[in-house]
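Descriptive analysis of the structure
Each chain, letter by letter, is given below.
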There are 2 protein chains.
Amino acid sequence: MAVLEDQARFLRCIGEPTRLQILKLLAEGERCVGDLACVLNKEQSLISHHLRALKECNIVKERQEAQKVYYKLTDARLARLIIDCEALMKELLLCKCQEVNYERKGNQGSGEGEICPDS
Amino acid sequence: MAVLEDQARFLRCIGEPTRLQILKLLAEGERCVGDLACVLNKEQSLISHHLRALKECNIVKERQEAQKVYYKLTDARLARLIIDCEALMKELLLCKCQEVNYERKGNQGSGEGEICPDS
DNA sequence: CCCATATATGAATTACAATTCATATAAACA
DNA sequence: TGTTTATATGAATTGTAATTCATATATGGG
């Protein structure tokens with residue numbers, strides 16, 4: 001069951017704030033390392049480290065042009081995955097907030113979702 | 001940009017091998033803590049800790065029945081997300097292997113994906 | 001050839017997360 | 001009420017990952 005480990009590694013690779021920012025930028029188009037560092041206001045070496053991590057998971061690939069190295073996503077579906085995941089996460093968090101408000105109004109919470117009904 | 005942090009936290013929460021296993025089990029239906037610990041051959045306290053982490057991200061919810069506490073996914077789309085993500089990850093890794101084999105045959109690799117063509 | 005620019009790398013540090021262990025809580029039942 | 005079963009919790013430990021810093025590599029231009 002190495003697949004499980006690979007999938008977990010893949011998710012963790014995306015699930016780091018700086019790398020996620022990088023991926024969202026690359027979803028719009030390719031960028032060179034310096035650009036990314038500048039836009040994200042992070043050290044260049046940090047960006048390089050993160051790009052290497054992303055490359056090891058085959059999430060990004062690079063192309064050299066003169067001194068500059070441009071990175072892009074290896075697959076457009078990655079952009080969609082990130083968007084879909086964001087949307088779902090937002091819904092889940094919203095749901096959580098509603099539950100908190102609901103409980104604050106003095107309800108005990110039967111446990112059977114009036115707010116988050118079973119799927 | 002708290003959304004970014006939330007999304008990253010969400011992905012990391014899923015991207016831990018034991019939690020991912022739990023989620024894959026819960027995708028099939030609800031389970032109590034003891035069951036999960038037994039099936040996964042892990043300590044009960046460990047499973048509880050992981051379930052708490054998942055609950056904090058609103059990925060799972062619980063229902064108590066006598067002494068037992070049953071957990072399930074808060075949303076069926078989570079199961080699909082995990083499946084889709086696994087499929088994509090597998091493709092990306094396969095792609096990576098092919099690149100390695102390709103380079104082993106003595107090619108220099110122009111950098112412009114004969115194997116992973118641009119999307 | 002030397003210099004400036006762009007990126008990568010490795011070691012060291014720091015921060016964070018997973019796991020274990022001991023124990024607390026709580027429900028059912030004799 | 002005392003005991004068993006099921007789960008949760010917190011502290012301590014261990015492991016892993018992010019960040020920084022110094023430096024190496026490599027490209028293009030004067």
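As the structure is a prediction and not an experimental result, all values here were calculated from the model. (Residues numbered from 1 in each chain as written. Chains lettered and ligands numbered in written order. Predicted model: local features only at pLDDT ≥ 70, side-chain atom pairs only at ≥ 80, totals over all residues. Heavy atoms only, no water.)

1. Digging into the packing of helix α3 (residues 33–40) of chain B against helix α4 (residues 44–56) of chain B
Residues and elements named next belong to chain B. Where α3 meets α4, the closest approach of the two axes is 9 Å, and the angle between their N-to-C directions is 115°. Judged by the twist between their axes, the crossing of α3 over α4 is right-handed. Judged by residue contacts, Val33, Leu36, Ala37 and Leu40 of α3 engage Gln44, Ile47, Ser48 and Leu51 from α4. (Axes fitted to C-alpha atoms, helices over the stretch in contact; angles between N-to-C directions. Helix = DSSP H or I, 4+ residues; strand = E, 2+ residues; numbered from the N terminus. Left-handed = near helix turned anticlockwise from the far one by under 90°. Contact = heavy atoms within 4.5 Å.)

2. Section: the pairing of strand β3 (residues 68–73) of chain A
All names here are of chain A. In this structure, strand β1 (residues 31–32) lies alongside β3, joined through 2 bridges in antiparallel fashion. Looking across to β3, one finds that Cys32 is bridged to Tyr70. Pairing of strand β2 (residues 60–65) with β3 involves 6 bridges; the strand directions are antiparallel. By the bridge assignment, Glu65 is partnered in β3 with Lys68. Connecting β2 to the antiparallel partner β3 that follows it, the hairpin turn spans 2 residues, and Ala66 within it adopts a positive phi of roughly 55°. (Pairing = 2+ DSSP bridges.)

3. Some details on the packing of helix α2 (residues 17–26) of chain B against α4 of chain B
All names here are of chain B. The N-to-C vectors of α2 and α4 enclose an angle of 75°; their axes lie 10 Å apart at closest approach. With respect to α4, the axis of α2 lies roughly perpendicular. Note on element contacts: α4 touches α2 through Ile47, His50, Leu51, Ala53 and Leu54, opposite Thr18, Arg19, Ile22 and Leu23. Here the contact of α2 with α4 is built from residues that sort into 6 nonpolar, 2 polar and 1 charged. (Parallel < 35°, antiparallel > 145°, perpendicular 65-115°, else oblique. Nonpolar A, V, L, I, M, F, W, Y, C, P; charged D, E, K, R; others polar.)

4. Some details on helix α4 (residues 44–56) of chain A
Residues and elements named next belong to chain A. With 13 residues, α4 extends 18 Å from end C-alpha to end C-alpha; this agrees with the ideal 18 Å at 1.5 Å per step. Of the residues making up α4, those classed as buried are Ile47, His50, Leu51 and Leu54. For α4, the angular spread of buried residues about the axis comes to 105°, placing them on one side. Structurally, α4 contributes buried residues whose contacts are with α1 (2–14), α2 (17–26), α3 (33–40), β2 and β3. Positive backbone phi, at 60°, marks Asn58, one or two positions downstream of α4. (Expected span 1.5 Å × (residues − 1). Buried < 20%, exposed > 50% of the residue type's maximum accessible area, 1.4 Å probe, protein only. Arc of directions from axis to C-beta.)

5. Description of the nonpolar core
Among the nonpolar cores identified, the biggest contains 62 residues, and Phe10, Ile14 and Ile59 of chain A together with Phe10, Ile14 and Ile59 of chain B are the most heavily contacted of them. Dropping the residues within four chain positions of it, Ile14 of chain B is found in contact with Leu11 of chain A together with Leu20, Leu23, Ile59, Leu81 and Ile82 of chain B. (Core = buried A, V, L, I, M, F, W, Y, C linked by side-chain atoms within 4.5 Å.)

6. Structural notes on the sheet that holds strand β2 (residues 60–65) of chain B
Each strand in a sheet pairs with its neighbour through backbone hydrogen bonds, running either in the same direction (parallel) or in the opposite one (antiparallel). Pairing is antiparallel in the open sheet, where 3 strands are placed in the order β1-β3-β2 (chain B). Each end of this open sheet is capped by a strand with a single partner; those strands are β1 (31–32) and β2 of chain B.

7. Regarding the pattern of salt bridges
Residue and element names in this part refer to chain A. As enumerated under the stated definition, the model contains 20 salt bridges over all chains in all. Taking the shortest distance from any N to any O, the salt bridge between Arg31 and Asp35 comes out at 4.0 Å. Asp75 serves as the salt-bridge partner of Arg77, at 2.7 Å between the closest nitrogen and oxygen. Through salt bridges with shared partners, a single network forms among Lys24, Glu86 and Lys90. (Salt bridge = Lys/Arg side-chain N within 4 Å of Asp/Glu carboxyl O.)

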